[in-house]
Amino acid sequence: MTQDIFWRKCIYSAVVLILAGILGGCGEIEEKTANATQLIQSLDYQGALEELNAAEEAGENQRLIERSRGIAYMGLTDYEQAVEAFLKSLAGSNGFVQDLDFDTNYYLAAAYTKNGQYSEAEATYNAILDLRPEEPDAYFLRGNVRLSLNNYEGAKTDFDKAVSMEPRNYDRLIEIYEVLADFGYKEVGKEYLQTALASGDKQMDNYVIGRIYYYLGEYQKACLALEEAREKGGVESYLYLGRSYEATGDYNYASSVYNSYLAKYEGNAEMYNQLGLCEMAKGEYKKALDAFQAGMQLENSENLQALSFNEIVAYEYLEEYEQAYVLLNHYLKNYPDDEQARREYDFLSTR
């Protein structure tokens, strides 16, 4: 999982926490703040900000208003405003550290990270760990930030600590591998995965084994293990199985894996996106476009940005440049910090 995907999941989780009303010490969530939270969940960040202004005028809980503003600003990629909002939420504390404060600090650190303020992000994780030293998420995330600060040794110490605290958290192991690979330490990341395979843990099922083989680049072994795991029906097992076949060059079988899932189970945006990418690799651009657009029709899609961008690329391959240009203008209004999209915009401007 890339860091961007991790933060999108974090924002979704934050919304769930607010809706469940389980943030200690903040009281019951009030009407307009609750409405804003629902708008954030549906990715209407501008609408959420407007509703939060109304919540402020109505005298609703200011700490939750500012916290929700921060989340909405993160969705709009306005990280400076997000930082300001989270700091205001924290400033409203009564001096007793509550779950709300820890949760908001995680999002403050995320906003600092996305804004390139890595030292401030590290300091925020330090503060979290000073009070809660048994937080594996904080060690993992601080490790990410330390890599951005060119502190490999510090990052490695944090990753080792996170792994020692949750030795059977194989999702976290894969996340560590991905982060290390992103920063040029792919072989170090592989060592974590190889150690897990060599452990002989009997609780490690074929799904875990198959994913580890996938990241180790042993795609045939990954296919064998994931074919067994597919019978469980989980979306991730189908995704990794298809990706493994794609990695071997068998795009036809890979697309059949994705289609078999979509025929059996309700629509899944990530599955549609992967199917579309597979069809693109086969040169089936109309089928790819259909897949991306089907994924975009699903509600509350965490993959909307990727699907939207891939839809534009599909139109380009179909040589429908005017439509691609119109969609890209709209895309950049929603995701102005996407450098790849800006380069694509420069290309389409010349067509």
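All figures in this text were calculated on a predicted structure; none of them were measured in a lab.

**Q** Summarise the nonpolar core; cite the residues concerned and give the values.
**A** F86, F159, Y192 and L193 are the most contacted members of the largest nonpolar core, which has 77 residues in total. In terms of residues, this core owes the most to one element, helix α6 (residues 99-114), which gives eight residues. In this view, F159 contacts F140, G143, N144, L147, I176, V179, L180 and Y192; residues no more than four positions away in its chain are not counted. With 18 residues, the next largest nonpolar core counts A288, L307, A324 and L328 among its residues.

**Q** Lay out the side chain of R146 in plain terms, naming residues and giving numbers.
**A** For R146, the location among the structural elements is in helix α8 (residues 136-148). Given a relative accessible area of 14%, R146 falls into the buried group. Of the polar contacts made by the side chain of R146, one reaches the side chain of E122; its length is 2.8 Å. Within the structure, R146 has its side chain in polar contact with the side chain of D158 (distance 3.2 Å). The contact partners of R146, leaving out residues within four places of it in the chain, are E122, N126, N151, G154, A155 and D158.

**Q** Describe the confidence of the model for the chain, and please don't skip the residues or the numbers.
**A** Parts of the model with low pLDDT should not have their predicted coordinates read in detail. Taken as a whole, the chain shows an average pLDDT of 89; of its residues, 91% reach a score of 70 or greater. Per-element averaging of pLDDT across the chain places helix α1 (residues 3-20) at the bottom with 49 and helix α9 (residues 152-165) at the top with 98.

**Q** Pulling in residues and values, what's your account of the side chain of D158?
**A** Considering the arrangement of structural elements, one finds D158 in helix α9. The contacts of D158, once residues within four sequence positions are left out, are Y139, R142, G143 and R146.

**Q** With reference to specific residues and values, describe the packing of aromatic side chains.
**A** Inspection of every chain in the model, using the stated rule, returns 17 aromatic pairs. Taking 5.9 Å as the distance between ring centres and 65° as the angle between the ring planes, the aromatic pair formed by Y215 and Y240 counts as edge-to-face. With a gap of 25 residues between them, Y215 in helix α12 (residues 206-216) and Y240 in helix α14 (residues 235-247) connect regions that are remote in the sequence. By the burial criterion, Y215 is buried, and Y240 matches it. Here a set of aromatic residues connected by ring pairs shows up, and it is made of Y177, Y207, Y214, Y215, Y219 and Y240. Here the basic side chain of R132 rests over the ring of F102, its NZ or CZ set 3.7 Å away from the ring centre. Here the guanidinium or amino end of R243 rests over the ring plane of Y240, the centre of that ring lying 5.3 Å away.

**Q** Before we move on, can you summarise unusual backbone geometry with the specific residues and values?
**A** Working note: non-glycine residues mostly have negative phi, and peptide bonds are mostly trans. Within the chain, T77 stands out as a residue other than glycine whose phi angle is a positive 60°. In this fold, T77 is placed in the loop between α4 (62-75) and α5 (79-91). Its identity as a non-glycine residue notwithstanding, E319 has a phi of 65°, on the positive side. Mapped onto the fold, E319 is located in the loop between α18 (304-317) and α19 (321-334).

Calculation notes
- Residues numbered from 1 in each chain as written.
- Predicted model: local features only at pLDDT ≥ 70, side-chain atom pairs only at ≥ 80, totals over all residues.
- Heavy atoms only, no water.
- Core = buried A, V, L, I, M, F, W, Y, C linked by side-chain atoms within 4.5 Å.
- Buried < 20%, exposed > 50% of the residue type's maximum accessible area, 1.4 Å probe, protein only.
- Helix = DSSP H or I, 4+ residues; strand = E, 2+ residues; numbered from the N terminus.
- Contact = heavy atoms within 4.5 Å.
- Polar contact = N/O pair within 3.5 Å; in protein donor to acceptor, adjacent residues only side chain to side chain.
- pLDDT = per-residue confidence, 0-100.
- Phe/Tyr/Trp six-rings, centres within 6.5 Å; stacked < 30°, edge-to-face > 60°.
- Lys NZ or Arg CZ within 6 Å of the ring centre and 35° of its normal.

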